[in-house]
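Structural overview for review
Next come the chains, spelled out residue by residue.
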Amino acid sequence: MIAASSTAWLYDINDNNKPLFFIIGPCVLEDETATLKAAEFLKNLSEKIGFKFIFKGSFDKANRISIDSFRGRGMDEGLRMLTKVKATFDLPIITDVHESADVAKVAEVVDVIQIPAMLCRQTDLLVAAGKTGKPVHVKKGQFFPAESMGEVAKKVSSMGNEHVWLCER
């Protein structure tokens, strides 16, 4: 059985001897029942197979193409649902944040802050995430050259936070 209660492994992923882990969960938080069912399924699967994971669900998918697309339940309801997942299943949590003014509130709930690909160059957002001291997962925009992601990492680490995860999708 995996001990999910300790999140220390989130801060030491640069150790190549650590096991592989996954970031999985619903793309967007639609409702509490579906979110809790997904978390329960993933928790049970992780214990059965033996892998670590961070539960991911977005409270707002602000980068949808259509103005009519479902974006999520909003920050307050989404963070409430993620708090319930964390408490019920003892899982580390990750979610997207889009505005630098929202980072502190999101950091009160999540274990990892995710920067969406479309916002990977936003200095104020990256600096605010870096100030939390939590791991910051930055998804590389498809429009952005991989060689430039070092500069993105510097924006986060300029706040003394060396827990920067860069992601190519």
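1. What to know about the environment of Gly57
- You can see Gly57 is positioned in the loop between β2 (52-56) and α2 (75-89).
- The class of Gly57 is buried, set by a relative accessible area of 0%.
- Considering only alpha carbons, one finds Gly57 and Pro26, 31 residues apart in sequence, at a separation of 5.3 Å.
- Excluding anything up to four places from it in sequence, Gly57 contacts Pro26, Cys27, Leu29, Leu82, Ile94 and Thr95.

2. Points about unusual backbone geometry
- We note that Asp90 has phi near 55°; this positive angle belongs to a residue other than glycine.
- Within the fold, Asp90 resides in the loop between α2 and β3 (93-96).
- Owing to a relative accessible area of 35%, Asp90 belongs among the partly exposed residues under this scheme.

3. Re the packing of aromatic side chains
- Using the criterion set out here, one finds four aromatic pairs in the structure.
- An aromatic cluster is built from Phe22, Phe51 and Phe53, whose rings are joined through pairwise contacts.

4. A closer look at the pairing of β2
- A large share of β2 lies buried, amounting to four of its five residues.
- Judged from the four bridges that link them, strand β1 (residues 21-24) and β2 form a sheet pairing that is parallel. Across the sheet, the residue bridging to Phe22 is Phe53, located in β2.
- Here β2 runs beside β3; their pairing, made up of two bridges, is parallel. In the sheet register, Lys56 faces β3, and the bridge partner there is Ile94.

5. What about the packing of helix α4 (residues 123-131) against helix α5 (residues 149-157)?
- In the contact formed by α4 and α5, the axes pass within 7 Å of each other and the chain directions differ by 50°. With respect to their mutual orientation, α4 and α5 come out oblique. On α5, the residues touching Thr123, Leu126, Val127 and Gly130 of α4 are Val152, Lys155 and Val156.
- In the contact of α4 with α5, the residues fall into four nonpolar, two polar and one charged.

6. Side note on the environment of Gln114
- Looking at the element boundaries, Gln114 is found in strand β4 (residues 112-115).
- Taking relative accessible area as the criterion, Gln114 reaches 2% and is therefore assigned buried.
- The spatial distance from the C-alpha of Gln114 to the C-alpha of Leu126 is 9.8 Å, given a sequence separation of 12 residues.
- With sequence-adjacent residues up to four places away left out, Gln114 is seen in contact with Lys56, Ile94, Thr95, Asp96, Val97, His137 and Lys139.

7. Digging into the pairing of β4
- Neither face of β4 is open: one carries Val112 and Gln114, the other Ile113 and Ile115, and all of them are buried.
- By the bridge criterion, three bridges tie β3 to β4 in an arrangement that is parallel. Paired with Thr95 across the strands is Ile113, a residue of β4.
- Pairing geometry for β4 and strand β5 (residues 136-139), over three bridges, is parallel.

8. Concerning the side chain of His137
- Within the secondary structure, His137 sits in strand β5.
- Polar contacts involving the side chain of His137 include one to the side chain of Gln114, which spans 2.8 Å.
- Look past the residues within four positions of His137 in its chain and what remains in contact with it is Ile23, Ile94, Val112, Ile113, Gln114, Ile115, Trp165 and Cys167.

9. Observations concerning α2
- Compared with an ideal rise of 1.5 Å per residue, which puts 15 residues at 21 Å, α2 spans 21 Å between its outermost C-alpha atoms and is within 8% of the ideal.
- Turning to α2, its buried residues number three or more, namely Met75, Gly78, Leu79, Met81, Leu82, Val85 and Phe89. Viewed along the axis of α2, the buried residues span an arc of 160°, placing them on a single side of the element. The exposed residues of α2 that point more than 90 degrees off its buried face are Asp76 and Ala87.
- Contacts from the buried residues of α2 go to α1 (32-49), β2, β3 and α3 (103-107).
- Taken from the residues just after α2, Asp90 is the one with a positive phi, measuring 55°.

Each value, and the rule that gives it
- Residues numbered from 1 in each chain as written.
- Predicted model: local features only at pLDDT ≥ 70, side-chain atom pairs only at ≥ 80, totals over all residues.
- Heavy atoms only, no water.
- Helix = DSSP H or I, 4+ residues; strand = E, 2+ residues; numbered from the N terminus.
- Buried < 20%, exposed > 50% of the residue type's maximum accessible area, 1.4 Å probe, protein only.
- Contact = heavy atoms within 4.5 Å.
- Phe/Tyr/Trp six-rings, centres within 6.5 Å; stacked < 30°, edge-to-face > 60°.
- Pairing = 2+ DSSP bridges.
- Axes fitted to C-alpha atoms, helices over the stretch in contact; angles between N-to-C directions.
- Parallel < 35°, antiparallel > 145°, perpendicular 65-115°, else oblique.
- Nonpolar A, V, L, I, M, F, W, Y, C, P; charged D, E, K, R; others polar.
- Polar contact = N/O pair within 3.5 Å; in protein donor to acceptor, adjacent residues only side chain to side chain.
- Expected span 1.5 Å × (residues − 1).
- Arc of directions from axis to C-beta.

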